Amino acid sequence: MAGGVLSFPLTAFHDDGTLDPDGCRAHVAAQIAAGPGALFPACGTGEFFSLDEDEYRQVVTAAVTEAAGRVPVVAGTGYGWAQAARFARIAEEAGADALLVLPHYLVDVPQDGLVAHLEQLAARTRLPLIAYQRGQVAYSAAALRRIAGIPGVIGLKDGHSDLDRLQRLTLAAPEDFLFFNGAATAEIQARAYATVGVPAYSSAVHAFAPEIAHAFLTALRAGDDGAVDKLLRGFYVPLVELRDRVPGYAVSLVKAAARLRGAPVGPVRAPLTDPSAADLADLRTLLAAGLDLVGAAL
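In this report, the structure presented in the accompanying data block is examined. (Residues numbered from 1 in each chain as written. Predicted model: local features only at pLDDT ≥ 70, side-chain atom pairs only at ≥ 80, totals over all residues. Heavy atoms only, no water.)

Some remarks on the sheet that holds strand β1 (residues 6–7)
Link 1 in the chain: Read from one edge to the other, the open sheet built from three strands follows the order β2-β1-β8, with strand pairing classed as parallel. In this open sheet, the two strands that pair with only one neighbour each are β2 (38–39) and β8 (202–203). (Pairing = 2+ DSSP bridges. Helix = DSSP H or I, 4+ residues; strand = E, 2+ residues; numbered from the N terminus.)

As structure tokens, then:
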């Protein structure tokens, strides 16, 4: 998975909000054709929080079918461990390779509780687990050592961007434990994460502009700071500024950008909202400029 951009496919809906299985398959097929390191369906960008169990099954099955073993499929799961285990069983039956354990619902809990949550889930699935720390979930170094010892827990995705804490975690973990940069618009902090031993990152941009995502990764790995800075200044930083205008745009803008490029992904589901006409116009302009930077067109 560390070998390429990590793709977080969108979940396609019809205009009335119902699931669009054909749109899901078409979008995943296009994502795979762009050559990601792995697929993470039904996660945050894929609106996991809005899917019922049958819809989740269809989304994960579409990803597994289209991937056909070419790349790992890591499905999202979440809520309390009892509900997460239900989604885990569905993902297992659908043929997923692993699970990304999204932050639990709402409550703040002690470190012992975070560890117990993963223990309970790991005991109920054969699939490897990648923990995701974000929001109210933040592991201490001591807790990280404990979860790394749970059979089946193979890695951690970080969304806090606290590099001091993250460095302590990487040093506390076994050498074969996986770490992923899961910051919002992760490319912004990709160089910083790499300095503490976390070069792999998720890319929401890959869902609508894989040309830009792959150009950035190529420049980053080549140590071409000029090309990296050009993409950051000309595309990624303005994208973050646009994203920050409205809560939820971290997903809504991604889906809108995919629609601008002809992907049949449909609207977001409430409580997310689609971008305003003015923001959509700004997104179109920015997307065209970003694609131009890498020699592609809208």
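Some details on the pairing of strand β6 (residues 153–158)
Link 1 in the chain: Of all the six residues making up β6, five are buried; the element is thus mostly covered by neighbouring parts of the structure.
Link 2 in the chain: When strand β5 (residues 129–133) meets β6, the two strands line up parallel, connected through five bridges. Within β6, the residue paired with Ala 131 across the bridge is Leu 156.
Link 3 in the chain: For the crossover that starts at β5, traverses helix α5 (residues 141–148) and ends in the parallel β6, the hand is right-handed.
Link 4 in the chain: By the bridge criterion, four bridges tie β6 to strand β7 (residues 178–181) in an arrangement that is parallel. Bridged to Lys 157 within β7 is Phe 180. (Buried < 20%, exposed > 50% of the residue type's maximum accessible area, 1.4 Å probe, protein only. Right-handed = clockwise from strand over helix to strand, strands pointing away.)

Points about the packing of aromatic side chains
Link 1 in the chain: Using the criterion set out here, one finds 11 aromatic pairs in the structure.
Link 2 in the chain: With a centroid separation of 5.9 Å and an interplanar angle of 80°, the aromatic rings of Phe 48 and Tyr 56 are classed as edge-to-face.
Link 3 in the chain: Judged by relative accessible area, which is 4%, Phe 48 ranks as buried.
Link 4 in the chain: An aromatic cluster is built from Tyr 201, Phe 208, Phe 216, Phe 235 and Tyr 236, whose rings are joined through pairwise contacts.
Link 5 in the chain: Lying across the ring of Tyr 132, Lys 157 places its NZ or CZ 4.4 Å from the centre. (Phe/Tyr/Trp six-rings, centres within 6.5 Å; stacked < 30°, edge-to-face > 60°. Lys NZ or Arg CZ within 6 Å of the ring centre and 35° of its normal.)

Overview of the nonpolar core
Link 1 in the chain: Ranked by internal contacts, the top residues of the largest apolar core, which has 102 residues, are Tyr 56, Leu 100, Tyr 139, Phe 179, Val 205, Phe 208 and Phe 216.
Link 2 in the chain: If near-sequence neighbours (up to four positions away) are discounted, Tyr 56 is found in contact with Ala 42, Phe 48, Leu 51, Ala 75, Gly 76, Phe 87, Ile 90, Ala 91 and Leu 99. (Core = buried A, V, L, I, M, F, W, Y, C linked by side-chain atoms within 4.5 Å. Contact = heavy atoms within 4.5 Å.)

A word on helix α8 (residues 210–222)
Link 1 in the chain: Here α8 is 13 residues long and its end C-alpha atoms lie 18 Å apart, about the 18 Å a rise of 1.5 Å per residue gives.
Link 2 in the chain: For α8, the complete set of buried residues consists of Pro 210, Ile 212, Ala 213, Phe 216, Leu 217, Ala 219 and Leu 220.
Link 3 in the chain: Just downstream of α8, Gly 223 is the residue with a positive phi angle, here 70°. (Expected span 1.5 Å × (residues − 1).)

Considerations on the sheet that holds strand β3 (residues 74–77)
Link 1 in the chain: Judged by pairing direction, the sheet is parallel, and its five strands sit side by side in the order β3-β4-β5-β6-β7 without closing on themselves. For this open sheet the edge positions go to β3 and β7, each flanked by a neighbour on one side alone. Strand-to-strand twist across the sheet, computed as the mean angle between neighbouring axes with direction ignored, equals 25°.
Link 2 in the chain: Set on the sheet, helix α3 (residues 81–94) makes contact with β3 and β4 (98–101); between it and β3 the angle comes to about 155°. (Axes fitted to C-alpha atoms, helices over the stretch in contact; angles between N-to-C directions.)

Some remarks on the pattern of salt bridges
Link 1 in the chain: Evaluated as defined, the whole model comprises 15 salt bridges.
Link 2 in the chain: For the salt bridge of Arg 269 with Glu 55, the shortest nitrogen-to-oxygen distance reads 2.6 Å. Pair noted here: Arg 269 is in the loop between α10 (249–260) and α11 (277–293) and Glu 55 is in helix α2 (residues 53–67), with a separation of 214 residues, a long-range link.
Link 3 in the chain: On the basis of relative accessibility, which here comes to 15%, the residue Arg 269 falls in the buried class.
Link 4 in the chain: When its relative accessible area of 11% is taken as the criterion, Glu 55 is described as buried.
Link 5 in the chain: Across the pair Asp 225 and Arg 191 runs a salt bridge, and its minimum N-O distance is 3.3 Å. In this pair, Asp 225 is assigned in helix α9 (residues 225–243) and Arg 191 in helix α7 (residues 190–195), connecting sequence segments 34 residues apart.
Link 6 in the chain: Judged by its relative accessible area of 42%, Asp 225 falls in the partly exposed class. (Salt bridge = Lys/Arg side-chain N within 4 Å of Asp/Glu carboxyl O.)

Things to note about the packing of α8 against α9
A pair of packed helices is captured by two measures, namely the crossing angle of their axes and the spacing between those axes.
Link 1 in the chain: Interaxial distance between α8 and α9 falls to 8 Å at its minimum, and their mutual angle equals 150°. One way to sum up the angle between α8 and α9 is to call them roughly antiparallel. Between α8 and α9 lies a crossing of left-handed hand. Seen from α8, the contacting residues are Ile 212, Ala 213, Ala 215, Phe 216, Ala 219 and Leu 220; seen from α9, they are Ala 227, Val 228, Leu 231, Leu 232, Phe 235 and Tyr 236.
Link 2 in the chain: For the contact of α8 with α9, the per-class residue count stands at 12 nonpolar, no polar and no charged. (Parallel < 35°, antiparallel > 145°, perpendicular 65-115°, else oblique. Left-handed = near helix turned anticlockwise from the far one by under 90°. Nonpolar A, V, L, I, M, F, W, Y, C, P; charged D, E, K, R; others polar.)

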